[in-house]
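# Working through the structure, step by step
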Amino acid sequence: MADYDPGLHRAISQVSRNVLALSNHLGSVEMSVDAIGAEVGSISADMSSTRADLAQLAASFEKYVLKAERVAAWQRSETVIGNVKAELEREYGHYNKVRLSTVGLLQAFDVGNVSERMAQQVSEELMIQTPRYWLAPALVAIAAWSRDDKPVADKSVAEAFRRDPAKTGLFFALVLRRQGRMEAATRWLRHYLRSLDPRSLTREFAMILEATSQEAFGAPGRAMVAEQLLEWNRQLREDPAVTDQQVGVWGKEIAIHRGVLDQSQYPHLAKITPQWPAVASMLEHASAHRNVIEKYQGVRDTPVYLNPNVADRLDEILEVLVSEYDTEELPFAREVIYHEAVIEFEGDEERAKETAAALSEALEETLDLVTLQTQTALRPELMGTSVSTQQVAIGIGRNDFATAIDRYDASYRANYVDDVDIILDGKHSEFAINLGFVGWQSNTAVPQQESEQSLAAAWEQTMRGYLERVRLKPTTWVIAGAIAFVGLLLLIVAPGAFTAVLFFAALAGAGGWAYLRKREADRRTAEALAMRDQAMRFSIDVFRAAVAEFVDAKLCYQEEDALAADLAKLVNTWPVDAGVRVNEGVA
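Residues numbered from 1 in each chain as written. Predicted model: local features only at pLDDT ≥ 70, side-chain atom pairs only at ≥ 80, totals over all residues. Heavy atoms only, no water.

## Concerning helix 14 (residues 330-344)
What counts is decided by this rule: Starting at the N terminus, helices and strands are each numbered in turn, a helix being any DSSP run of H or I of at least four residues and a strand any DSSP run of E of at least two. In this scheme, a helix's expected span is set at 1.5 Å multiplied by one less than its residue total. Note on exposure labels: buried denotes an accessible area under 20% of the residue type's maximum, exposed denotes more than 50%, and partly exposed covers the range between, all computed with a 1.4 Å probe on protein chains only.
The first and last C-alpha atoms of helix 14 sit 21 Å apart over 15 residues, in line with the 21 Å expected at 1.5 Å per residue. Within the sequence span of helix 14, burial applies to Leu-330, Phe-332, Val-336, Ile-337, His-339, Ala-341 and Val-342. Glu-346 sits one or two residues past helix 14 and shows a positive phi near 55 degrees.

Laid out in structure tokens, this is it:
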């Protein structure tokens, strides 16, 4: 029997204790690893779900912010409109007294129930209360004329001319016509027309168009105005830039009538194609035809009648003349137009600016004749004219309108989107997030079967990568073998029952640890394989939905685009007698 070596025995005992401790530690580690693995799996799933939720939350937040900004702009505009109108009333509210008194005084003279003294008193009080306003001395002149006070009448007319010669001349031409002084009215009208520059007309000239359409000046006056307008149009249109400008104005009119696309109609396409803004733009631009047809069909089909009472017709024109054309009030009107557009577009300030810019062209202080006629066709409510005058103006400018339609159509058709890219990134679904989808791109021009095959291949690549990441690695077996090898060395160095126990304990620990690792890898692999078909099917469904929506979008575009022919027909067949009133009384 070999000699007993106490030192060697103590060393072996120490190594045995270390191996036992290591084995216990490995067991604890394996249990922890197993628990951690389960927790990591849960956390990974939770994180994937959280990332998807966060992406959805971010999109929802962006929509909320945009909506909040628009609601704020909407509410702000409602407040501003009230403030602007209040300021307008403070600054120029006293003008309304003069305006109301003017037509009221003329009607009182018709009835004969107001004394000359009262007329004089009212007119002179208003003259004092409204300095710088052209209508106040004109009112004094009417009162003086009624009592045959020529010196006061002459002074008052001269003062009114000094303050605003254009409005004063037109005003007295209309007043004289109202009083049946045809010769004097025609003379004033001729003097008024000869004093004008057709390249720089003030806005009240629209009342000449209105009075002509209503036969306010009689046959001689109508012939005079028609001859002058024809000559001015000929002169101005010798410059191609003038015609081109009108075409541009009509083009803006068409553009501001385009619709606002509801993105929820194309939920998949809007999210996964980078060409979505172009698709939305072409749909919106094509939609303008329907809206323009609806507007101008209504204008064309509106019946117009001639009020048999000349005085009543002239009173209506006079009321508009004295109420709508004071240049001091134009800045307020422009501001109101902008904020009304903000309200109309529910806080979309970009669309509001575009619309307000187009509308505000009718509120320029001076316009050339051709532009003024165009604005009368477009904005009768801002020019103070009736539907009959609008109908006439559209007939005059219908060639410009037709050219604008062609240019507008050619412009948006040049940006037609015949096919779009479809992109599915690593976040297009929770499956994609959980499995680390590699991403995929195709185009609607590619045959659908080919695209779906390439999408399936992308998922196969994704699955291979994922399975490679979660499979049991060779290092697991290396570590387990190293532990078993250490136990074997101990058994060789110090054979015996105790070291044999330690060896088998180390072998069992290493095997158990490797088993747990393999079980976790098998679990994740099985989950991935079970998810594969479902994940692929979901992506294919998203792709098919986007393709179907794009087909629907193109069909919608073709339907709206085809209405261009109907709009062109409406304009090109505009009746030549549009705006001619029937003498059958008020409608």
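## Some remarks on empty space enclosed by the protein
Applicable threshold: Using only the protein atoms, space was sampled on a 1 Å grid; points where a 1.4 Å probe fits but cannot get out form cavities, open sets with protein on both sides within 12 Å along at least five of seven lines form pockets, and lining residues are those with an atom within 4 Å of a point. Grid points are joined across faces, edges and corners, and a volume is the space filled by probe spheres set on the points. Under this grouping Gly is polar, as are all residues other than the nonpolar Ala, Val, Leu, Ile, Met, Phe, Trp, Tyr, Cys and Pro and the charged Asp, Glu, Lys and Arg.
Tallying each qualifying case throughout the model produces two cavities of 30 Å³ or more. Roughly 40 Å³ of internal volume is contained in the largest cavity. Of all the secondary-structure elements, those providing two or more residues to the lining of the largest cavity are helix 16 (369-378) and helix 18 (387-396). Ranked by residues supplied to the lining of the largest cavity, first place goes to helix 16 with three residues. Taken together, the residues of the lining of the largest cavity sort by class into three nonpolar, four polar and one charged.

## Examining the confidence of the model for the protein
Applicable threshold: The pLDDT score gives, residue by residue, the confidence of the prediction method on a 0 to 100 scale. Residue contacts follow a heavy-atom distance rule, with two residues in contact if any of their heavy atoms lie within 4.5 Å.
Here the protein averages 80 in pLDDT, and 75% of its residues register 70 or above. Considering only residues more than four positions removed or in separate chains, one finds that residues 579-587, a stretch of pLDDT under 50, has 27 contacts.

## What about the packing of aromatic side chains?
Short version of the rule: Centres within 6.5 Å are what make two rings of Phe, Tyr or Trp a pair, Trp counting through its six-membered ring; a difference in plane orientation under 30 degrees is then read as stacked, over 60 as edge-to-face, and the rest as tilted.
A complete count under the given rule lists 17 aromatic pairs for this structure. Where Phe-205 meets Trp-232, the ring centres are 6.0 Å apart and the plane angle is 50 degrees; that geometry is what we call tilted. Note that Phe-205 is positioned in the loop between strand 1 (201-202) and helix 7 (206-213) and Trp-232 in helix 8 (residues 218-236), a separation of 27 residues in sequence. Pairwise contacts between aromatic rings join Tyr-133, Trp-134, Phe-161, Phe-171, Phe-172 and Trp-188 into one cluster.

## With respect to the packing of helix 7 against helix 8
Operational definition: Whenever a helix is involved, its axis is fitted only over the stretch in contact; in every case the axis is a line through C-alpha atoms, and angles between N-to-C directions fall within 0 to 180 degrees. Convention used here: angles under 35 degrees read as roughly parallel, angles over 145 as roughly antiparallel, angles from 65 to 115 as roughly perpendicular, and any remaining angle as oblique. Should the near helix be turned counterclockwise from the far one by less than a right angle, the crossing is left-handed, whereas a clockwise turn marks it as right-handed.
Running from amino to carboxyl end, helix 7 crosses helix 8 at an angle of 130 degrees, the nearest separation of the two axes being 10 Å. Classified by the angle between their axes, helix 7 and helix 8 sit oblique to one another. Pair helix 7 / helix 8 crosses with left-handed handedness. When helix 7 is examined against helix 8, the residues Ile-208, Leu-209, Thr-212 and Ser-213 are found in contact with a partner set consisting of Arg-222, Val-225 and Leu-229. The residue inventory of the contact of helix 7 with helix 8, partitioned by class, reads four nonpolar, two polar and one charged.

## Thoughts on the layout of surface pockets
Of the pockets and cavities examined, the second largest pocket occupies roughly 760 Å³. Taken together, 35 residues line the second largest pocket, and the ones lying closest to its centre are Ala-333, Val-336, Ile-337, Glu-340 and Leu-382. Mapped by element, the contributors of at least two residues to the lining of the second largest pocket are helix 1 (6-111), helix 13 (310-324), helix 14, helix 15 (349-360) and helix 17 (380-383). Across the lining of the second largest pocket, the residue classes tally to 16 nonpolar, seven polar and twelve charged.

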